[in-house]
Number of protein chains: 2
Amino acid sequence: MKLSTVRTCCEPVLVAPIDQAEAEELATAFKLLSHPIRLRILSLIANAPGGEMCACDLPEVMGRSQPTVSHHLSLLTDAGLLAREQRGRWAWFRVERERVTVLRDALNLT
Amino acid sequence: MKLSTVRTCCEPVLVAPIDQAEAEELATAFKLLSHPIRLRILSLIANAPGGEMCACDLPEVMGRSQPTVSHHLSLLTDAGLLAREQRGRWAWFRVERERVTVLRDALNLT
DNA sequence: TCCTTATATCGATGATCGTCGATCTATTTG
DNA sequence: CAAATAGATCGACGATCATCGATATAAGGA
């Protein structure tokens, strides 16, 4: 899904009417923000030292099992909201801020 | 849910880390934006003449049944994203822009 | 008061989602 | 190569969600 080509800061949802296809793509993206674990993961990584975090720390911090955390990390990564980098046997993640900006700008009112 | 007291433009999700309670409230709000019909309803009403729209027109425009549209209007209204006003036997809706702004600001990166 | 119309609510059904134990894969280390 | 460890994938289960027909409610008009 190339979200940035669908909706930019110049044509936000609440200023220009959207059609069915655009609504479906945006809804899919906002769905990623509709779960507390995913919001906390984004918030945690964005505020981590160096803006990145190792997946190995997340199950304990989140209080969820490793498969559950891995599942949510995959969803965020597949959607382009997180970038994944393998270092040795550890996976490091950082927030793709441009993608978050696209979603924020979709809610512009002016 | 008093969302505006929980998260303002001064402490966005990606600048300050959020705890479990805040994440749950925000996730509940973003869930409303995670369905194409609800995004189209918001977009349609925000761009309607006078910024308001009668519910009577929505089932045909959306291609959904009257109960389905009523259900989504209730979700948006209960969450404060839409304001409902009864005029005679018709229900008119307008977008509560301040509430949308709260969600947008939660995604601020700077 | 009776009829019509707009909207909400109920109830049921199928679909999607979140979770985790078990297992598989890949990488490092001894 | 074998053991250990990080992470992904699988499979199943319960929970939540979207939808719509049927029906209830509420308001206006005859």
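One can find the structure itself at the top, above this paragraph.
Residues numbered from 1 in each chain as written. Chains lettered and ligands numbered in written order. Predicted model: local features only at pLDDT ≥ 70, side-chain atom pairs only at ≥ 80, totals over all residues. Heavy atoms only, no water.

Asks: What am I meant to see in the protein's contact with DNA strand C here?
Replies: Neighbouring DNA strand C are 22 residues, the closest being A:Thr68, A:His72, B:Cys56, B:Gln66 and B:Ser70. The sugar-phosphate portion of DNA strand C accounts for 70% of its atoms within 4 Å of the protein, the bases making up the rest. At 2.7 Å from a phosphate oxygen of DNA strand C is found a side-chain nitrogen or oxygen belonging to A:His72. Of all the secondary structure elements, the ones that give two or more residues to the surface near DNA strand C are α3 (36–46) and α5 (66–78) of chain A together with α5 (66–78) and β3 (90–95) of chain B. No other element matches α5(A), which puts 4 residues into the surface near DNA strand C. (Near = heavy atom within 4 Å. Polar contact = N/O pair within 3.5 Å; in protein donor to acceptor, adjacent residues only side chain to side chain. Helix = DSSP H or I, 4+ residues; strand = E, 2+ residues; numbered from the N terminus.)

Asks: Looking at this structure, how should I read the sheet that holds strand β2 (residues 82–87) of chain B?
Replies: What links the strands of a sheet is backbone hydrogen bonding, and the strands pair in either a parallel or an antiparallel sense. Residues and elements named next belong to chain B. Strand order across the open sheet formed by 3 strands is β1-β3-β2, with antiparallel pairing between neighbours. Two strands in the sheet have a free side with no partner beyond their single neighbour: β1 (52–54) and β2. Taking the axes of each pair of neighbouring strands and ignoring which way they run, one obtains an average angle of 25 degrees across the sheet. In this structure, β1 lies alongside β3, joined through 3 bridges in antiparallel fashion. Bridge pairing links Glu52 to Arg94 in β3. (Pairing = 2+ DSSP bridges. Axes fitted to C-alpha atoms, helices over the stretch in contact; angles between N-to-C directions.)

Asks: For this particular structure, what's the right way to read the protein's contact with DNA strand D?
Replies: Within the structure, DNA strand D sits among 22 residues, and A:Cys56, A:Gln66, A:Ser70, A:Ala91 and B:His72 are positioned closest to it. When the atoms of DNA strand D within 4 Å of the protein are sorted by group, sugar and phosphate make up 74%. Within the contact set of DNA strand D, a phosphate oxygen lies 2.9 Å away from a side-chain nitrogen or oxygen of B:Thr68. Between DNA strand D and B:Arg89 there is a distance of 3.1 Å, counted from a sugar or linking oxygen to a side-chain nitrogen or oxygen. Every element with two or more residues in the surface near DNA strand D is listed here: α5 and β3 (90–95) of chain A together with α3 (36–46) and α5 of chain B. Within the surface near DNA strand D, the residues separate by chemical class into 8 nonpolar, 8 polar and 6 charged. (Nonpolar A, V, L, I, M, F, W, Y, C, P; charged D, E, K, R; others polar.)

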